[in-house]
Amino acid sequence: MKNIIVFTCCVFFLMHNFFNGLNAQNIALVLHGGAGNVTKENIPGSLEVQYREVMTKALNLGYDILKKGGSSLEAVQAVIHIMEDSPLFNAGKGAVFTNAGTNELDAAVMDGATLKAGAVSGVRHIKNPIDAAIAVMSNSQHVLLYGEGAEEFAKSQGIIMVDSSYFFTQKRYDQLKKVQEKEREGQGFNNTQHPDFKFGTVGAVALDQQGNIFVGTSTGGMTNKRFGRIGDTPIIGAGTYANNSTCGLSATGHGEFFMRAVVTHDISALMEYKGLSIQQAADMVIHEKLLKMGGEGGVVGLDTKGNIMISFNSAGMFRGYIGKDDQPVVLIFKDK
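We now turn to the structure provided with this report. Please read these numbers as outputs of a predicted model, since none were measured by experiment. (Residues numbered from 1 in each chain as written. Predicted model: local features only at pLDDT ≥ 70, side-chain atom pairs only at ≥ 80, totals over all residues. Heavy atoms only, no water.)

Here's the deal with the overall build of the protein chain
Part 1 of the reasoning: When helices and strands are tallied, the protein chain shows 9 helices and 13 strands.
Part 2 of the reasoning: Partitioning the intrachain contacts of the protein chain with sequence separation of at least 6 by distance along the chain shows that 68% fall at a separation of at least 24.
Part 3 of the reasoning: Roughly 14500 Å² of accessible area belongs to the protein chain as shown, and the carbon and sulfur atoms make up 55% of that amount. (Helix = DSSP H or I, 4+ residues; strand = E, 2+ residues; numbered from the N terminus. Contact = heavy atoms within 4.5 Å. Areas by Shrake-Rupley, 256 points an atom, 1.4 Å probe, with all protein chains shown as cover.)

Spelled out as structure tokens, the structure:
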């Protein structure tokens, strides 16, 4: 009898580890840090090293959460915290300035398991807007909150608030002044080949051991924006989308085009209704539909099997991922 019990326990232990191993193999994480005229000529070597270090740190932290059985929500939140806290990216601490010299931030999240989503837009005092987006999704009946109302809700949720001076960085302020000088010279600023023209949104998509996809996107918007402009990031189906039956997607680019093309939902729909792979669907939208409209940027994502997708039509895109080999890969330029 003792031998039978020991044998049964051993079989159970082996089967438990086997199936846990299968689940662990399916976890995956992909992120982006913005797209645009990202070339070696515009990114000095020392700055390139900094970008790679921050993205690698974010990937390793998020993936470690997934390996330990943490949720995709937890992994995405941790990844975006690191990028929001870095002045390198146009999100959180590194947000660009509006025409009025303020910082107005947007963020969104979506849960592929429930199709619940949350977003905030035009916030000025929330240290990590991704936290507020998660709170809107989890603790309210709404999807998108704006401005002072969003901040009032964030305070009620105990989310960290900061003085607006926290978001000041000299680099971003100097970029604003350059843009405004060009305006005064009658040049405007719609040249996407200009070194200062970057779509600095950050985003992450994770697949956890339970097979759930979660996506988050955060941005400071567009340099010199006016009139309370809102881009694609907080618009579900434009800059952010997740559905466990298809994929999770986070976009970065010229937001007006991503909204008009409903980029992230369109990719998911092509997978659902046409049976395309995530890469096929994304390339069709980014390199055909969006390009024909004159839109520039890119998207990263994961499907339900953990297949990683990256697609962009700009000169470069800050991007990285960890897949089945457990090794972080960070890419910046067109080819590497």
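Overview of the packing of helix H3 (residues 72-84) against helix H4 (residues 129-139)
Axes are the key here: two packed helices are described by the angle between their axes and the distance separating the axes.
Part 1 of the reasoning: Packing of H3 against H4 leaves a shortest axis separation of 9 Å and a crossing angle of 150°. Taken together, the axes of H3 and H4 lie roughly antiparallel to each other. Each of Leu73, Gln77, Ile80, His81 and Glu84 in H3 lies in contact with H4, whose residues at this interface are Pro129, Ile130, Asp131, Ile134 and Met137. (Axes fitted to C-alpha atoms, helices over the stretch in contact; angles between N-to-C directions. Parallel < 35°, antiparallel > 145°, perpendicular 65-115°, else oblique.)

Observations regarding the nonpolar core
Part 1 of the reasoning: Leu31, Tyr51, Met55, Met83 and Phe89 are the most contacted members of the largest nonpolar core, which totals 52 residues.
Part 2 of the reasoning: The element best represented in this core is helix H2 (residues 45-67), accounting for 8 residues.
Part 3 of the reasoning: Counting 18 residues, the second largest nonpolar core, distinct from the first, contains Val263, Ile278, Ala282 and Met309. (Core = buried A, V, L, I, M, F, W, Y, C linked by side-chain atoms within 4.5 Å. Buried < 20%, exposed > 50% of the residue type's maximum accessible area, 1.4 Å probe, protein only.)

Some details on the packing of aromatic side chains
Part 1 of the reasoning: All chains considered together, the criterion is met by 7 aromatic pairs.
Part 2 of the reasoning: Pairing Phe89 with Phe318 gives two aromatic rings, centres 6.4 Å apart and planes at 85°, and the pair type is edge-to-face. Taken together, the residues span a long stretch of sequence, with Phe89 in the loop between H3 and strand E2 (105-111) and Phe318 in strand E12 (residues 316-322) at a distance of 229 residues. There is no split in this pair, since Phe89 and Phe318 are both buried.
Part 3 of the reasoning: Taken together, the ring pairs in this structure connect Tyr51, Phe89 and Phe318 into an aromatic cluster.
Part 4 of the reasoning: The ring centre of Tyr166 lies 4.7 Å from the NZ or CZ of Lys93, which sits over that ring. (Phe/Tyr/Trp six-rings, centres within 6.5 Å; stacked < 30°, edge-to-face > 60°. Lys NZ or Arg CZ within 6 Å of the ring centre and 35° of its normal.)

Quick notes on the pairing of strand E1 (residues 28-36)
Consecutive side chains of a regular strand alternate in pointing toward one face of the sheet and then the other.
Part 1 of the reasoning: In terms of residue burial, E1 counts as a mostly covered element, since 9 of its 9 residues are buried.
Part 2 of the reasoning: Bridge count between E1 and strand E6 (residues 202-207): 5 bridges; the pairing is antiparallel. Directly across from Leu29, in E6, lies its bridge partner Ala206.
Part 3 of the reasoning: Two strands pair when backbone bridges link them, and E1 and E12 are joined in this way by 6 bridges, in the antiparallel orientation. Its bridge partner being in E12, His32 is matched across the sheet by Arg319. (Pairing = 2+ DSSP bridges.)

Some words on helix H9 (residues 278-293)
Part 1 of the reasoning: Along its 16 residues, H9 runs 21 Å from first to last C-alpha, staying within 8% of the 22 Å computed at 1.5 Å per residue.
Part 2 of the reasoning: At Val285, H9 is bent by approximately 25°, the largest bend along its length.
Part 3 of the reasoning: Close packing links the buried residues of H9 with strand E9 (247-253), helix H7 (255-260), helix H8 (263-274), strand E10 (297-303) and strand E11 (308-312). (Expected span 1.5 Å × (residues − 1). Bend = angle between axes of the 7 residues up to and from the residue.)

Re unusual backbone geometry
Most peptide bonds take the trans configuration, and most residues that are not glycine carry a negative phi.
Part 1 of the reasoning: For Asn224, which is not glycine, the phi torsion reads 70° and is therefore positive.
Part 2 of the reasoning: Take Asn224: it is sitting in the loop between strand E7 (213-219) and strand E8 (240-243).
Part 3 of the reasoning: Relative accessible area serves as the criterion here: at 7%, Asn224 is assigned to the buried category.
Part 4 of the reasoning: The phi dihedral of Asp326 is positive, around 65°, even though this residue is not glycine.
Part 5 of the reasoning: If you trace the backbone, Asp326 turns up in the loop between E12 and strand E13 (329-331).

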